[in-house]
Amino acid sequence: MADNGEMSFWDHLDELRGNIFRSLTAVCALAVVVFCFKSYVFDGLLLAPARSDFFMYRLMKSDFSMNLVNLEISAQFFIHLRVSIVLGFVLAFPYVVYELWKFIAPALYEREKKAIKGAFLFSGLLFYIGIAVGYVLVLPFALNFFQGYSVSDTVTNTVSLKSYISMFMSLVLMFGIVFEFPAVIAALSKMGIVSRDDLRNGRKYALVAVLVLAAIITPADPMSMVIAAAPLYLLYEVSIIVCSKESVE
């Protein structure tokens, strides 16, 4: 870290407060925009994977459909509010990353800045790719499995809107976060912390970790696990490609 003698602890704290305030302002502003487009956000985006006409079910040749119900009188409003805030963060993610970069950049040496800057620029794209993979590939398989699973023929699945949205958000956002892995590895590599050989030697451990992670975030259905594990392991191979051949001294 570079020694910045011109700023005191309170100066850094004040700068951090400004970064956080601007980031929250961007998230809230975009959340208001999302809130105003309720029909498009829910009917066109969030609830599409629950309908039989979702394009992935046609590809899967599945007749899956899910009838959602609301069980609490205030649930729909608070779900609408929660979704707006989460999507506000998703849309503001590149700007949040930019504000984070602005805060940490002055404390870095030039070599460290060059190493991390590229990773920060790449992180936004990877985040959105991860969200797309979770939404298009993993979520439909998970919903199809859970809807069809039953412990007894006498039990009928009645899915609440709250339960559906919780699964939607956690699964899709998790893939967005996990897809940041190559950007993190690229930064660590250029800073001399990891090398390409280190990652190559860790392939078997990475495969086990990916399978365990896929089992956690998807149901115990072999096809769903494969659908989830394939892009996750591909991320590891991409990380090997973007990683430097040797650690920097």
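Throughout what follows, the structure given in this document is the object of discussion. (Residues numbered from 1 in each chain as written. Predicted model: local features only at pLDDT ≥ 70, side-chain atom pairs only at ≥ 80, totals over all residues. Heavy atoms only, no water.)

## A look at the overall build of the protein chain
Counting its secondary structure elements, the protein chain contains 10 helices and two strands. Each helix and strand of the protein chain, ordered N terminal to C terminal, gives the series α-α-α-β-α-α-β-α-α-α-α-α. Projected onto its principal axes, the C-alpha coordinates of the protein chain cover approximately 70 × 45 × 25 Å. Each of the 249 residues in the protein chain was classed as buried or not, and the buried ones make up 40%. Counting contacts in the protein chain only where the partners sit at least 6 residues apart, residues at least 24 apart contribute 81% of the total. For the protein chain, the accessible surface area stands at approximately 14600 Å², while carbon and sulfur atoms represent 67% of it. (Helix = DSSP H or I, 4+ residues; strand = E, 2+ residues; numbered from the N terminus. Buried < 20%, exposed > 50% of the residue type's maximum accessible area, 1.4 Å probe, protein only. Contact = heavy atoms within 4.5 Å. Areas by Shrake-Rupley, 256 points an atom, 1.4 Å probe, with all protein chains shown as cover.)

## Quick word on the nonpolar core
Membership of the largest hydrophobic core comes to 55 residues, with the highest contact counts inside it found for Phe-42, Leu-46, Val-83, Tyr-164, Ile-165, Phe-168 and Phe-175. Among the secondary structure elements, those contributing two or more residues to this core are α2 (38-46), α3 (55-60), α4 (75-104), α5 (110-148), α6 (161-178), α7 (181-190), α9 (203-217) and α10 (222-242). Take this core: its biggest share by element is 13 residues, from α5. Not counting residues up to four positions away in its chain, the partners in contact with Leu-46 are Val-41, Val-83, Leu-87, Tyr-164, Ile-165, Phe-168 and Met-169. If you look at the next biggest cluster of nonpolar residues, it comprises seven residues, including Val-194, Leu-199, Tyr-236 and Ile-240. (Core = buried A, V, L, I, M, F, W, Y, C linked by side-chain atoms within 4.5 Å.)

## Quick notes on the packing of aromatic side chains
With the rule as written, the count across this model stands at 16 aromatic pairs. Through pairs of rings, three or more aromatic residues link up here, namely Phe-54, Phe-55, Tyr-57, Phe-64, Tyr-135, Tyr-164 and Phe-168. (Phe/Tyr/Trp six-rings, centres within 6.5 Å; stacked < 30°, edge-to-face > 60°.)

## Observations concerning the pattern of salt bridges
For the structure on display, the rule yields six salt bridges. Arg-17 is the salt-bridge partner of Asp-14, the closest N and O atoms lying 2.4 Å from each other. Of this pair, Asp-14 and Arg-17 both sit in helix α1 (residues 9-36), three residues apart, roughly one helical turn. A relative accessible area of 41% places Asp-14 in the partly exposed class. Between Arg-200 and Asp-197 there is a salt bridge; the shortest N-O distance is 4.0 Å. Here Asp-197 and Arg-200 lie together in helix α8 (residues 196-201), a separation of three residues that amounts to about one turn. (Salt bridge = Lys/Arg side-chain N within 4 Å of Asp/Glu carboxyl O.)

## Brief notes about α2
Within α2 the residues assigned to the buried category are Val-41, Phe-42 and Leu-46. Looking straight down α2, one finds its buried side chains confined to an arc of 85 degrees; they lie on one side. (Arc of directions from axis to C-beta.)

## Describing the environment of Ile-216
Mapping Ile-216 onto the fold places it in helix α9. According to the relative accessible area criterion, Ile-216 is exposed, its value standing at 63%. A sequence separation of 21 residues divides Ile-216 from Glu-237, and the C-alpha atoms of the two residues are 21 Å apart.

## Some words on the packing of α2 against α4
Two numbers describe how α2 lies on α4: the axes approach to 11 Å, and their chain directions differ by 80 degrees. Classed by the angle they form, the pair α2 and α4 counts as roughly perpendicular. Taking contact as the criterion, the partners of Lys-38, Val-41, Phe-42 and Leu-46 in α2 are, on α4, Ile-79, His-80, Val-83 and Leu-87. Its residues assigned to classes, the contact of α2 with α4 shows six nonpolar, one polar and one charged. (Axes fitted to C-alpha atoms, helices over the stretch in contact; angles between N-to-C directions. Parallel < 35°, antiparallel > 145°, perpendicular 65-115°, else oblique. Nonpolar A, V, L, I, M, F, W, Y, C, P; charged D, E, K, R; others polar.)

## Observations concerning the packing of α2 against α6
At a closest axis distance of 13 Å, the pairing of α2 and α6 adopts a crossing angle of 75 degrees. In terms of their interaxial angle, α2 and α6 are classed as roughly perpendicular. Where α2 approaches α6, its residues Phe-42, Leu-45 and Leu-46 are matched on the opposing element by Tyr-164, Ile-165, Phe-168 and Met-169. Within the contact of α2 with α6, the residues separate by chemical class into seven nonpolar, no polar and no charged.

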